[in-house]
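As a plain string of letters, each chain reads:
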Amino acid sequence: MHRWIGGGPSDRRAILSELGKDSIDQLFETIPAGVRAGDLDLPAPMDETTLLTRLEGLAAENVSLDVMPSFLGAGVYRHVEPAVVDAVLQRAEFFTSYTPYQPEISQGTLQAIFEYQTIISRLAGLDVANASLYDGATAVVEAALMAHRVLKGTRNRVVVSEAVHPMYRRVLATYTSALGIEVVTVPAGEDGRSDAQRLADAAGDEACCIVVQSPNFLGAVEDLSAVAGAAHGRGALAVHVVAEAASLGILKGGGAHGFDIVCGEAQAFGIPAGFGGPHLGFFATRTKLVRQMPGRLVGQTVDAEGQRAFCLTLATREQHIRRAKATSNICSNHGLMLLAAVVWLELLGGKGLAELARANLARAEDLKRQIRALGGGWKLAYPDTPTFNEFLVLGPANGTKLQQALLDRGVLGGVPSRLWGGSWPDGLLVAVTERTTKDDVAALIDAMEKIS
Amino acid sequence: MRRRPLRNERLIFEHNRERRARGRYELPPLDVPAVDAGSVLPEEQVREPLADLPDLGELDVVQHFHRLSQMNFAVDEGLYPLGSCTMKYNPRVNEVAARLGGFTALHPLQPASQVQGALRVMWELDQVLKTITGMDGVTLQPAAGAHGELAGMLMIRKALEARGEHREEVLIPDSAHGTNPASATFAGFEAVEIASGPDGTVDMEALDRMMTDRVAGIMLTVPNTLGVFEPRIVEIAELVHGRGGLVYMDGANLNAFLGKALPGAMGADALHINLHKTFSTPHGGGGPGAGAVAVSRGLVPHLPVPRVIRDGDAFEILWDDPASIGPMRGFYANFLILVRALTYIWGLGAEGLAETAEVAVLYANLVRHRLTSAYHLEYDAPSLHEVVFDDAFQRAHGVTNVDISKRLLDYGFHPPTMSFPLIVHGALMIEPTESPAPEEVEAFCEAMLAIAREAEESPELLHEAPHETPVRRVDEVEAARHPTLRWEPSEKS
């Protein structure tokens, strides 16, 4: 009789007798003897106190970001975490409900999604956003596959800037290799930014899309208008990837520069680093392309009494209707993470988001200034390139060694830029946020001085 | 959920309509010089703040979401017998464990020396899932069941390639969930439907005929979406393996035989496990879930990277392996979901796992027994954890499965699954799970019986249902005909 399982022995005997069975085993008679499990080699059941002590022990083996200054970014950023966000997420009405297939009893979830779609589409500079994907990496995949569909599969090449997060590009390769779609990677220029002409050359007449990230993996803000022009000049769609969504508080989304798809990672909006997940994939596009869009969508409609109501819509794109011809195989998405994002965004408001982004920019510029002044082999890899809250720093050793040397001095100084390879210089990607303090920066600069 | 909201909740954009400046969430003080954005960023890229999102006080936002929450039904409210979704209780201790600072405030790129506890969580879950499935390897990467299906099918593709074979087709029963054919397609295969036999299980003659050297394998849900165990599962796997194919098993229904049977012994080569179904992690209004995949020995080399590797008492992350299909997503997994699943499995232990399946199956059979006289059962093979009725009796009165489901809302229960299996017209797929007390399951049955009577006596009551919900029946056709997918400032509703 386990506490998470309903009823007790006499309840079960009563049900068995109603069913005309002598034992529960009789209900499993259709399972052939040869596939039955014996006693599983697992620990005995645990009471809640013992269980939690064990989990707390495992958590305590980790070094939390709360105890050490951290400049880690590379796709995961530690922004403010208002108490309200988790309080909303802990409401059982939100976290113990399913995908809102029954709109009459899911208006809470549906309206939250509709508000999220509105905000994300505005930030992206596009018309419509979906109700989330898994993460930034899979959002990039879905964008490339959507572009492939939009161009009816006649253009079999995806052109991607090398300065798109290497992890995203690897995931893209996992998917495209099975589908026979060619991926051409174009290195960034000497300034850490993608070269629109080289992207266009790589596209030729065979690309379905050109994909750039901005701010890119190296922290550089790309020349988005030039890239969109290059893509459209070659008859391809333009895809703007955002790995640090807080940048959208100060930088226009790609839609404003002519991009057809803006997608990426929205972990920045109130979702904990959580050792890499669950995070939040976002995806926005133009109205005219919505029928090729992956993922769920919520639309506004009315109920039988004419009251405003919301429901899932345009489901004919999806696997449960279209099966093998669906625009994606996605079913469960990252709904609760979307809720975290929409609560976070609404709590900050438009002005708060802008203020947060400006704080990131100011802290990054301040740290860049201090690093410029350091000497001892420390310098910015791209001193004249515009950045948001992350940038590539070169030092007296390679990135891996620099990371370890800073760690020895009590600072998580950044992510080695060649962790996943790359044709760029070998240094550290250093990220700040509005949570970075003066003391954190002093600790980093102090440690850097000692390593020169 | 409130039957009728106290007040309709406006969209957030309709609050503070005059956009007055007000106190809002405060950021840490900026103690460095402010920067003129236009001087350090390309000027044409700098944006203005979003005018649509007003300044709101903290209570305004809290009340907004509180009121929205009151328009939702949830597992904590009452029986949620959505077939194939396994809407069981989400233990609260899971939530506490997943919120420990040593798990949440952890960057995925911290050095391995700082994250040994997190790597151990993944390694431990990996071990228990191998034990529970009787299989040889596990990946925890996939973010959902469909994502796990795709990972499994990509591994199958890779294994065939490693043998120098190229096979284009995958057989999928017509009873399958829609993600199966979609996942096969995204793995580069052609999904070929195989018709079910008269009892709803796999037709062996059809399988024998269709399983050619063009076929990479079969995707099979066990028990199938009718809640029926494939009695010839071992023969099916032997036939497929004998012709050089592989067996993909959809583990969405694992709750039916947890601790009772081993997919490894059934001949599965890849099996995804929905941690958000069988292992109690919350559905979150549509995720995040986690779709771990267990594999047979032949697929182990092809598991996704990065992987957690154990070296003595220390754990490391392996980022590269040429035999791997590569990464399926960013970083390692939906880690905080994994913490919840491990907490649940450790809480249950082996005995609790078996008891889970026993009571889940017992309850499904109770529902079947109680409702058999009132609802039509197309396939009468023995049920495991779920039972699929349909609306054939009620259609005589012009009442459909949708009407029945909407009326069920008035009785305070979530409706069954209706969108599949496609082989049952007007399906009502009911999965009570093991969590509730028997009285709750019985109350649901009483409601279903009352609705069957209403269908005969006053069908208009059902056509117009629901009557007692925060909104009345929602016009989904209108939503699709004139898509309004975001709020526009011009709408002053």
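Residues numbered from 1 in each chain as written. Chains lettered and ligands numbered in written order. Predicted model: local features only at pLDDT ≥ 70, side-chain atom pairs only at ≥ 80, totals over all residues. Heavy atoms only, no water.

**Here we look at the environment of N401 of chain B**
Residue and element names in this part refer to chain B. Using the following cut-off: Counting from the N terminus, the helices are the DSSP runs of H or I reaching at least four residues and the strands are the DSSP runs of E reaching at least two. Residue contacts follow a heavy-atom distance rule, with two residues in contact if any of their heavy atoms lie within 4.5 Å. Between N or O atoms, a polar contact is any pair within 3.5 Å; within protein, one atom must be a potential hydrogen donor and the other a potential acceptor, and residues adjacent in sequence are included only when both atoms are from side chains.
As for its position among the elements, N401 is in helix α13 (residues 401–410). Considering only alpha carbons, one finds N401 and H425, 24 residues apart in sequence, at a separation of 9.2 Å. Once residues within four sequence positions are removed from consideration, N401 is found in contact with D391, M418, G426, A427 and L428. A polar contact of 3.0 Å, which involves the side chain of N401, links it to the backbone oxygen of A427.

**Concerning a negative patch on the surface**
Cut-off, in case you're wondering: Residues enter patches when their relative accessible area tops 30% and they take part in no salt bridge; the joining distance is 9 Å for like charges and 5 Å for the nonpolar side chains Val, Leu, Ile, Met, Phe, Trp and Tyr. Note on areas: Shrake-Rupley, 1.4 Å probe, and residue coverage restricted to the protein chains presented here. Here, a salt bridge means any side-chain nitrogen of Lys or Arg that lies within 4 Å of a carboxyl oxygen of Asp or Glu. For the purpose of charge, His is not counted, nor are the chain termini; Lys and Arg are scored as positive and Asp and Glu as negative. Charge positions come from single atoms, namely NZ of Lys, CZ of Arg, CG of Asp or CD of Glu.
Where like charges cluster on the molecular surface, the negative patch consists of E190, D191, D195 and D201 of chain A. Position of D195 of chain A among the secondary structure elements: in the loop between β3 (182–186) and α8 (196–203).

**Regarding the pattern of salt bridges**
What counts here: Only protein chains enter the calculation, and the probe is 1.4 Å; a residue is then buried if its accessible area is under 20% of its type maximum, exposed if over 50%, and partly exposed in between.
For the structure on display, the rule yields 50 salt bridges over all chains. Here D31 of chain B and R363 of chain A are joined by a salt bridge, their closest N and O atoms 2.9 Å apart. Pair noted here: D31 of chain B is in the segment before α1 (37–40) and R363 of chain A is in helix α11 (residues 335–372), and the two residues belong to different chains. A relative accessible area of 33% means that D31 of chain B is categorised as partly exposed. Under the relative-accessibility criterion, R363 of chain A is labelled buried at 6%. Between E124 of chain B and R120 of chain B there is a salt bridge, with its nearest N and O atoms 3.0 Å apart. Note that E124 of chain B and R120 of chain B are positioned in helix α5 (residues 116–133) at a spacing of four residues, about one turn of the helix. Here R120 of chain B falls in the partly exposed class, since its relative accessible area comes to 23%. Here the salt bridges do not stand alone but share partners, grouping D66, R78, E81 and R435 of chain A into one network.

**A look at helix α9 (residues 233–242) of chain B**
Residues and elements named next belong to chain B. Where we set the bar: Of all possible arcs, the one meant is that of the directions from the helix axis to the C-beta atoms.
All of the buried residues in α9 are I233, I236, A237, L239 and V240. With its buried residues spanning 160 degrees around the axis, α9 presents them on a single face. For α9, exposure combined with an orientation more than 90 degrees from the buried face picks out E238 and G242. Along its buried surface, α9 packs onto α8 (204–210), β4 (215–221), β5 (246–250) and α10 (263–266). Of the residues one or two after α9, G244 is the one with positive phi, at around 85 degrees.

**Let's talk about the domain arrangement of chain A**
Residues and elements named next belong to chain A. Applicable threshold: An automatic or database domain assignment provides the domain bounds reported here. By definition, the buried area sums, over both parts, the 1.4 Å-probe accessible area that each loses when the two are put together.
Parsing chain A into structural domains produces domain 1 (67–81 + 350–451) and domain 2 (84–342). Each of domain 1 and domain 2 has a C-alpha centre, and these two points are 27 Å apart. Contacts between the two partners involve 28 residues from domain 1 and, on the opposite side, 33 residues from domain 2. Of the roughly 2,500 Å² buried at the junction of domain 1 and domain 2 (both faces included), carbon and sulfur atoms supply 69%. Broken down residue by residue, the surface that domain 1 buries against domain 2 is led by F388, W420 and W424, which jointly contribute 27%. Joining domain 1 to domain 2, the criterion identifies zero salt bridges. Taken together, the connections running from domain 1 to domain 2 amount to seven residue pairs in polar contact (both at pLDDT 80 or more). Within the residue set of the side of domain 1 that touches domain 2, elements represented by two or more residues are α11 and β11 (390–394).

**Comments concerning helix α7 (residues 179–186) of chain B**
Count 3.6 residues to each turn of an α-helix, and residues three or four apart come out pointing the same way. Residues and elements named next belong to chain B. Summarising burial for α7: seven of the eight residues are buried, a large majority. The complete set of buried residues in α7 reads T179, N180, P181, A182, S183, A184 and F186. Residue G188 follows α7 closely and has a positive phi angle near 85 degrees.

**Here we look at the nonpolar core**
Operational definition: In this description, a nonpolar core means a group of buried Ala, Val, Leu, Ile, Met, Phe, Trp, Tyr and Cys residues linked to one another through side-chain atoms lying within 4.5 Å.
Ranked by size, the top nonpolar core spans 212 residues in total, and within it F103, L125, L129, L207, F279 and Y375 of chain B carry the most contacts. When residues in this core are grouped by element, the largest group, 21 residues, is from helix α11 (residues 335–371) of chain B. Setting aside its immediate chain neighbours within four residues, L207 of chain B contacts L171, I194, V202, I218, I236, L239 and V240 of chain B. Ranked by size, the runner-up nonpolar core spans 85 residues in total, among them A231, L339 and L353 of chain A together with L53 of chain B.

**Description of the pairing of strand β2 (residues 169–173) of chain B**
Residues and elements named next belong to chain B. Inclusion rule: Any two strands are treated as partners once DSSP identifies two or more bridges connecting them. Looking down the strands as they point away from you, a crossover is right-handed if its path from the first strand over the helix to the second goes clockwise.
Most of β2 is tucked away: five of the five residues are buried. Here β2 shows two buried faces, one formed by E169, L171 and P173 and the other by V170 and I172. Pairing between β2 and strand β3 (residues 190–194): five bridges, direction parallel. Note that in β3 the partner of L171 across the bridge is V192. Crossover handedness for the path β2 to α7 to β3: right-handed. As paired elements, β2 and β4 share three bridges and run parallel to each other. When the sheet's bridge partners are listed, V170 is paired in β4 with G217.

**A look at the domain arrangement of chain B**
Annotation of chain B at the domain level lists domain 1 (12–69), domain 2 (93–347) and domain 3 (351–479). Taking the mean C-alpha position of each, domain 1 of chain B and domain 3 of chain B sit 46 Å from one another.

**A closer look at the interface of chain B and chain A**
Note the threshold: Basically, the charged four are Asp, Glu, Lys and Arg, the nonpolar ten are Ala, Val, Leu, Ile, Met, Phe, Trp, Tyr, Cys and Pro, and anything else, Gly included, counts as polar.
At the interface, 200 residues of chain B touch 187 residues of chain A. Roughly 16,900 Å² is buried in total at the junction of chain B and chain A, and carbon and sulfur atoms are behind 65% of that figure. Taken together, the links from chain B to chain A amount to 13 salt bridges. Taken together, the links from chain B to chain A amount to 93 residue pairs in polar contact (both at pLDDT 80 or more). It is α11 of chain B that provides the largest number of residues to the side of chain B that touches chain A, a total of 26 residues. Of the residues in the side of chain B that touches chain A, the class split is 119 nonpolar, 46 polar and 35 charged.

**With respect to the side chain of E386 of chain B**
Residues and elements named next belong to chain B. Among the structural elements, E386 can be located in the loop between α11 and β10 (387–390). Buried charge without a salt bridge: E386, with K277 as the nearest opposite-charge side chain at an N-O distance of 8.6 Å. When neighbours within four sequence positions are excluded, E386 is seen to be in contact with G83, S84, N224, T225, L226, G227, N253, A364, M429, I430 and E431.

**Quick word on the packing of aromatic side chains**
Cut-off, in case you're wondering: Each pair of aromatic rings taken from Phe, Tyr and Trp, with Trp reduced to its six-membered ring, is defined by centres within 6.5 Å and is described as stacked if the planes are under 30 degrees apart, edge-to-face if over 60, and tilted in the remaining cases. Two thresholds decide whether a charge sits over a ring: the Lys NZ or Arg CZ must be within 6 Å of the ring centre and within 35 degrees of the ring normal.
Applying the stated criterion across every chain yields a total of 19 aromatic pairs over all chains. Pairing F13 of chain B with W487 of chain B gives two aromatic rings, centres 5.0 Å apart and planes at 20 degrees, and the pair type is stacked. Placement of the pair is F13 of chain B in the segment before α1 and W487 of chain B in the segment after α16 (476–481), with a sequence separation of 474 residues. In this pair, the class of F13 of chain B matches that of W487 of chain B, namely buried. One aromatic cluster is present, built from ring pairs that chain together F217, F275, W420 and W424 of chain A together with F103, W319, F331, Y332 and F335 of chain B. If you follow R157 of chain B out to its NZ or CZ, it ends over the ring of F189 of chain B, 4.7 Å from the centre. K260 of chain B extends its terminal NZ or CZ atom over the ring of F28 of chain A, reaching a point 5.1 Å from the ring centre.

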